[in-house]
There are 2 protein chains.
Amino acid sequence: MGAARTAGATAGRPRLSGSADGSPRQEIIREATALFIAKGYAETTMSEIARSAGLRQSSVYYWFARKEHILQALLEENRGSLQMAQALEPASGPAAARLYSVLHADAVQLCASPLDFYEFERVARSQPQNFGAFFEDYSELHRLAASIIRQGIDSGELRGVDPESAATAALSLNEGLQRHYRQPLPGLRTYTADDISTLSADTTLASLLRTTEALPDVRARAAELTAATGATDS
Amino acid sequence: MGAARTAGATAGRPRLSGSADGSPRQEIIREATALFIAKGYAETTMSEIARSAGLRQSSVYYWFARKEHILQALLEENRGSLQMAQALEPASGPAAARLYSVLHADAVQLCASPLDFYEFERVARSQPQNFGAFFEDYSELHRLAASIIRQGIDSGELRGVDPESAATAALSLNEGLQRHYRQPLPGLRTYTADDISTLSADTTLASLLRTTEALPDVRARAAELTAATGATDS
DNA sequence: CGCTGTTTCGATAAGCTATAGAAAGTCTCG
DNA sequence: CGAGACTTTCTATAGCTTATCGAAACAGCG
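Rules and cut-offs
- Residues numbered from 1 in each chain as written.
- Chains lettered and ligands numbered in written order.
- Predicted model: local features only at pLDDT ≥ 70, side-chain atom pairs only at ≥ 80, totals over all residues.
- Heavy atoms only, no water.
- Near = heavy atom within 4 Å.
- Polar contact = N/O pair within 3.5 Å; in protein donor to acceptor, adjacent residues only side chain to side chain.
- Phe/Tyr/Trp six-rings, centres within 6.5 Å; stacked < 30°, edge-to-face > 60°.
- Helix = DSSP H or I, 4+ residues; strand = E, 2+ residues; numbered from the N terminus.
- Buried < 20%, exposed > 50% of the residue type's maximum accessible area, 1.4 Å probe, protein only.
- Contact = heavy atoms within 4.5 Å.
- Domains from an automatic or database assignment.
- Buried area = accessible area lost by both parts, 1.4 Å probe.
- Nonpolar A, V, L, I, M, F, W, Y, C, P; charged D, E, K, R; others polar.
- Least-squares fit on C-alpha atoms with pLDDT ≥ 70 in both.
- Salt bridge = Lys/Arg side-chain N within 4 Å of Asp/Glu carboxyl O.
- Axes fitted to C-alpha atoms, helices over the stretch in contact; angles between N-to-C directions.
- Left-handed = near helix turned anticlockwise from the far one by under 90°.
- Parallel < 35°, antiparallel > 145°, perpendicular 65-115°, else oblique.

### Considerations on the protein's contact with DNA strand D
Part 1: Close to DNA strand D lie 28 residues; A:Tyr61, B:Gly12, B:Ser58, B:Ser59 and B:Trp63 are nearest.
Part 2: When atoms of DNA strand D within 4 Å of the protein are split into backbone and base, the sugar-phosphate part holds 67%.
Part 3: B:Arg13 is positioned with one of its backbone polar atoms (N or O) 2.9 Å from a base oxygen of DNA strand D.
Part 4: Within the side chain of B:Ser59, one N or O atom sits 2.7 Å away from a phosphate oxygen of DNA strand D.

Shown next, in the form of structure tokens:
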């Protein structure tokens, strides 16, 4: 029941394979991330993570009592998708460009994340008590997107659709498309992360704009917003 | 190396728990399907399937040498998504309505399928040699959708987008949305299969149509096509 | 030098997929 | 009607996984 488990460099029984460079916890997360990227979460075993980090299989459980806790720690380091939405939802200016920015940023993050969105979701669903933050983040992003869409409808920029359904469709498109970036299906073209993000935001905005002639303008204004918001926060 | 393994009613060692009703193979598929629907593929064990079908765990391996083979058999019984696309791609008439029909039918099938699309894909990817049909079907559906989109662009109904990317986005939206039907995220609204299918087809067509005012008309014509094509084939 | 706290190890339980070989029937043919 | 072949199910077990338990090996401190 020790409360340490944070830095830990010299204390404790020495490892069979030399000693650790830095914090074992961070080292495990780093090695696990690399393996998750290469093979996916389900296909990566605790033995492999242990071997990469230089310990025995059971020793990993001293730092993470369950395999999902590694994923959870990894998730907490990868925040920041919401920031753009939280910054832009209450902002002034055309709603269409703000929505484009939010959707594009979300797609970029989904593609850059070490883990497939659906793999995250699968684990989160099996351990709802530990992954409450995941679901809260998601529903807040959904709420913010719906709010921006509602603003756009009120201002006349966007068609009179149901904002909630439209937000669901927009996020679903991001999630569905990130898959084609991560795991290109045989026989189909491959896409870069930027291809995917632009395709997704373009498609959603084209489906919502009253006239698609406004799309190039929206895209240009969104690029400005992204640059401005990304610069101030990071 | 017996070549039987098809009907098999009375031969062989009797089961501990009474005898089978019909073909053991079919019975296993049926029970497994119910379990897959209830718990998903990965969370269903061979022991559970065996118990439901009235045999011991290892006896299932007489009929299916690997767990994935049950899924494969299940997939082969669930064909028929392509039929609409194959019927409508070479058809005459407005491309927009044909595309709407195809996308709507695909979404309905994804929602009605016993297994989540992504779970199928995950298993198919791990056994590419056994699931070649899955990838072939997918890329043919993609090809047909892109072709219809191209026809729509040529005829002036649709905007001048890249047909391949647009088809990828359209199918991705279907796949992403079916997830929200199967596994509603906590805190978000739930949708019926028809909500999802209409939302998906509406969104894609709205993003592609030159003017969204044509959408109600496209939807109406698509309903006619769906009724006609579905009736002749089934 | 012994005591306490920290970290790692080895051994092992329980559950999973899959295999091997014996067992228990039916079927066929002389 | 009886011997052998064939079909189907069984028991037992190997090898993998996640996770737990208690002992072992070190540092620091009085």
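### Quick notes on the packing of aromatic side chains
All names here are of chain A.
Part 1: With the rule as written, the count across this model stands at 15 aromatic pairs over all chains.
Part 2: With centroids separated by 6.0 Å and ring planes inclined at 35°, the aromatic side chains of Phe-117 and Phe-134 adopt a geometry described as tilted. Of the two residues, Phe-117 is situated in helix H7 (residues 117–126) and Phe-134 in helix H8 (residues 132–155); the sequence distance between them amounts to 17 residues. A single burial state applies to Phe-117 and to Phe-134, both of which are buried.
Part 3: With 6.2 Å between their ring centres and 25° between their planes, Phe-120 and Phe-134 make a pair best called stacked.

### Remarks on helix H4 (residues 67–77) of chain B
Part 1: Burial analysis of H4(B) places eight of its 11 residues in the buried class, which makes it a mostly covered element.
Part 2: Of the surrounding secondary structure, the elements contacted by the buried residues of H4(B) are helix H1 (24–39), helix H2 (46–53), helix H3 (60–63), helix H7 (117–126) and helix H8 (132–155) of chain B.

### Remarks on the domain arrangement of chain A
Residue and element names in this part refer to chain A.
Part 1: Taken domain by domain, chain A holds domain 1 (24–75) and domain 2 (80–233).
Part 2: The distance between the C-alpha centroids of domain 1 and domain 2 comes to 30 Å.
Part 3: Counting residues at the interface gives 13 residues for domain 1, matched by nine residues for domain 2.
Part 4: Taken together, both faces of the contact between domain 1 and domain 2 bury some 1000 Å²; the carbon and sulfur share is 76%.

### A few points about the protein's contact with DNA strand C
Part 1: Taken together, 30 residues lie near DNA strand C, and A:Gly12, A:Ser58, A:Ser59, A:Trp63 and B:Tyr61 sit nearest.
Part 2: Looking at DNA strand C alone, sugar and phosphate atoms form 67% of those within 4 Å of the protein.
Part 3: Here a base nitrogen of DNA strand C and a side-chain polar atom of B:Gln57 are 3.1 Å apart.
Part 4: Here B:Arg66 contributes a side-chain N or O atom positioned 3.4 Å from a phosphate oxygen of DNA strand C.
Part 5: Class assignment of the residues belonging to the surface near DNA strand C gives a composition of 12 nonpolar, 11 polar and seven charged.

### Concerning the relation of the copies chain A and chain B
Part 1: For the match of chain A to chain B, the screw axis carries a shift of 0.0 Å, the RMSD comes to 0.1 Å, and the turn is 180°. On this basis, the relationship between the two copies can be described by a two-fold rotation axis. Relative to the rotation axis, the C-alpha of A:Ser207 is the closest in chain A, positioned 1.8 Å from it.
Part 2: Interface residue correspondence from chain A to chain B reaches 100%, placing this contact among same-surface, isologous pairings.

### Notes on the pattern of salt bridges
Residue and element names in this part refer to chain A.
Part 1: A full pass over the atoms with the stated rule returns 22 salt bridges over all chains.
Part 2: Among the ionic pairs, Asp-116 bridges to Arg-179, the shortest N-O distance being 2.6 Å. Here the residue Asp-116 occupies a position in the loop between helix H6 (95–112) and H7, and Arg-179 occupies one in helix H9 (residues 163–182), the gap between them amounting to 63 residues. Each member of the pair Asp-116 and Arg-179 is classed as buried.
Part 3: Ionic pairing is found between Asp-217 and Arg-221, a salt bridge with its closest N-O pair at 3.4 Å. Taken together, the residues span about one helical turn, with Asp-217 and Arg-221 both in helix H11 (residues 215–233) at a distance of four residues.
Part 4: For Asp-217, a relative accessible area of 45% gives the class partly exposed.
Part 5: Take Arg-221: its relative accessible area is 41%, and that puts it in the partly exposed class.

### A short note on the interface of chain A and chain B
Part 1: Counting residues at the interface gives 38 residues for chain A, matched by 38 residues for chain B.
Part 2: Scanning the region where chain A abuts chain B turns up 10 salt bridges.
Part 3: Our count for the contact surface shared by chain A and chain B stands at 15 residue pairs in polar contact (both at pLDDT 80 or more).
Part 4: Of all the elements, H9(A) adds the most residues to the side of chain A that touches chain B, at 11 residues.
Part 5: Among the residues forming the side of chain A that touches chain B, the class breakdown is 15 nonpolar, 11 polar and 12 charged.

### Observations concerning the environment of B:Ala95
Residue and element names in this part refer to chain B.
Part 1: In this structure, Ala-95 sits in helix H6 (residues 95–112).
Part 2: The spatial distance from the C-alpha of Ala-95 to the C-alpha of Ala-170 is 15 Å, given a sequence separation of 75 residues.
Part 3: If we ignore the near neighbours within four places in the chain, the residues touching Ala-95 are Ile-148, Gln-151, Gly-152 and Glu-157.

### Some remarks on the packing of H6(B) against helix H9 (residues 163–182) of chain B
Residue and element names in this part refer to chain B.
Part 1: Interaxial distance between H6 and H9 falls to 9 Å at its minimum, and their mutual angle equals 35°. Considering the relative orientation of H6 and H9, their crossing is right-handed. Residues Leu-103, Asp-106, Ala-107, Leu-110, Cys-111 and Ala-112 of H6 lie in contact with H9, whose contacting residues are Ala-170, Leu-171, Asn-174, Glu-175, Gln-178, Tyr-181 and Arg-182.
Part 2: Its residues placed into classes, the contact of H6 with H9 shows eight nonpolar, two polar and three charged.

### A closer look at the packing of H8(B) against H9(B)
All names here are of chain B.
Part 1: Where H8 meets H9, the axes come as close as 8 Å, and the angle between the chain directions of the two elements is 125°. Relative to H9, the element H8 is oriented oblique. In the crossing of H8 with H9, the sense of the turn from one axis to the other is right-handed. Between H8 and H9, the residues in contact are Tyr-138, Leu-141, His-142, Ala-145, Ala-146, Ile-149, Arg-150 and Ile-153 and Pro-163, Glu-164, Ala-166, Ala-167, Thr-168, Leu-171 and Glu-175, respectively.
Part 2: Class assignment for the residues of the contact of H8 with H9 results in 10 nonpolar, two polar and three charged.

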